[in-house]
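Single-letter residue listing:
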Amino acid sequence: MGMSVTISAAAADDQDAAEQILKLQYLCYQSEAELYGDYSIEPLTQTLDSLKGELAAGTVLVARLGDEVVASVRGTVDADGTARIGKLVVHPRMQRHGLGGRLLDAIERRLGAEGGAKCFQLFTGHRSEQNLQLYRKHGYAAVASRRVNERLTQLTLAKEADAAAFVASA
């Protein structure tokens with residue numbers, strides 16, 4: 001591939017990154033919408049202003065290939081130390097090369113070491129097998145499920161933060 005992918009935080013005032021993240025999110029969630037027969041899911045209807053709010057309020061990491069955002073993930077830590085990770089997206093041409101795992105590791109390090117997270121939570125649909133495989137590979141286990149409608153059961157997965165891993169990687 002010639003260029004290497006770099007992972008960094010997206011700045012709250014980076015208009016270009018926000019626009020690229022939103023376009024990437026729209027592209028990547030098409031398959032989820034098709035899988036569950038629901039094109040009204042929030043990642044497909046989110047506005048640029050809403051995304052900018054997420055950039056300002058939480059941690060957003062992007063993976064870039066040159067100037068192009070090819071992957072992204074978001075996270076926040078609440079008052080009780082639970083880090084909520086969401087909207088992990090990787091451009092279809094970049095999938096199956098470990099980039100999603102690298103981003104997941106990076107957001108865990110950032111939210112754990114700098115954010116004080118005690119545990120991590122994320123969610124996905126019950127039919128999203130590639131997502132489930134990635135999350136299980138990274139130590140997540142299902143802790144809850146919620147039937148959203150006749151086509152979708154949302155699974156919540158979680159794992160405890162491992163303080164030793166944060167110290168070793170810092």
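Residues numbered from 1 in each chain as written. Predicted model: local features only at pLDDT ≥ 70, side-chain atom pairs only at ≥ 80, totals over all residues. Heavy atoms only, no water.

1. Quick look at the packing of aromatic side chains
Reasoning step 1: Taken as a whole, this structure holds one aromatic pair when the rule is applied.
Reasoning step 2: Taken together, a centroid distance of 6.2 Å and an interplanar angle of 65 degrees make the contact between Tyr-135 and Tyr-140 edge-to-face.
Reasoning step 3: Residue classification places Tyr-135 among the buried residues on the basis of a relative accessible area of 7%. (Phe/Tyr/Trp six-rings, centres within 6.5 Å; stacked < 30°, edge-to-face > 60°. Buried < 20%, exposed > 50% of the residue type's maximum accessible area, 1.4 Å probe, protein only.)

2. Thoughts on the pattern of salt bridges
Reasoning step 1: A full pass over the atoms with the stated rule returns nine salt bridges.
Reasoning step 2: The partner of Glu-54 in a salt bridge is Lys-87, and the shortest N-O contact between them spans 3.3 Å. Of the two residues, Glu-54 is situated in helix 4 (residues 48-57) and Lys-87 in strand 4 (residues 82-90); the sequence distance between them amounts to 33 residues.
Reasoning step 3: Across the salt bridge formed by Arg-93 and Glu-68, the nearest N and O atoms sit 2.5 Å from each other. Taken together, the positions of Arg-93 in the loop between strand 4 and helix 5 (99-114) and Glu-68 in strand 3 (residues 68-77) put the pair 25 residues apart, joining distant regions of the chain.
Reasoning step 4: Among the charged side chains, a salt-bridge network with shared partners connects Glu-42, Glu-54, Arg-74 and Lys-87. (Salt bridge = Lys/Arg side-chain N within 4 Å of Asp/Glu carboxyl O. Helix = DSSP H or I, 4+ residues; strand = E, 2+ residues; numbered from the N terminus.)

3. A look at the confidence of the model for the protein chain
Reasoning step 1: For the protein chain, per-residue confidence averages 91 on the pLDDT scale, and residues scoring 70 or more make up 94% of the total.
Reasoning step 2: In this model residues 166-170 is a low-confidence stretch, pLDDT under 50, and it forms seven contacts with partners more than four residues away in sequence or in other chains. (pLDDT = per-residue confidence, 0-100. Contact = heavy atoms within 4.5 Å.)

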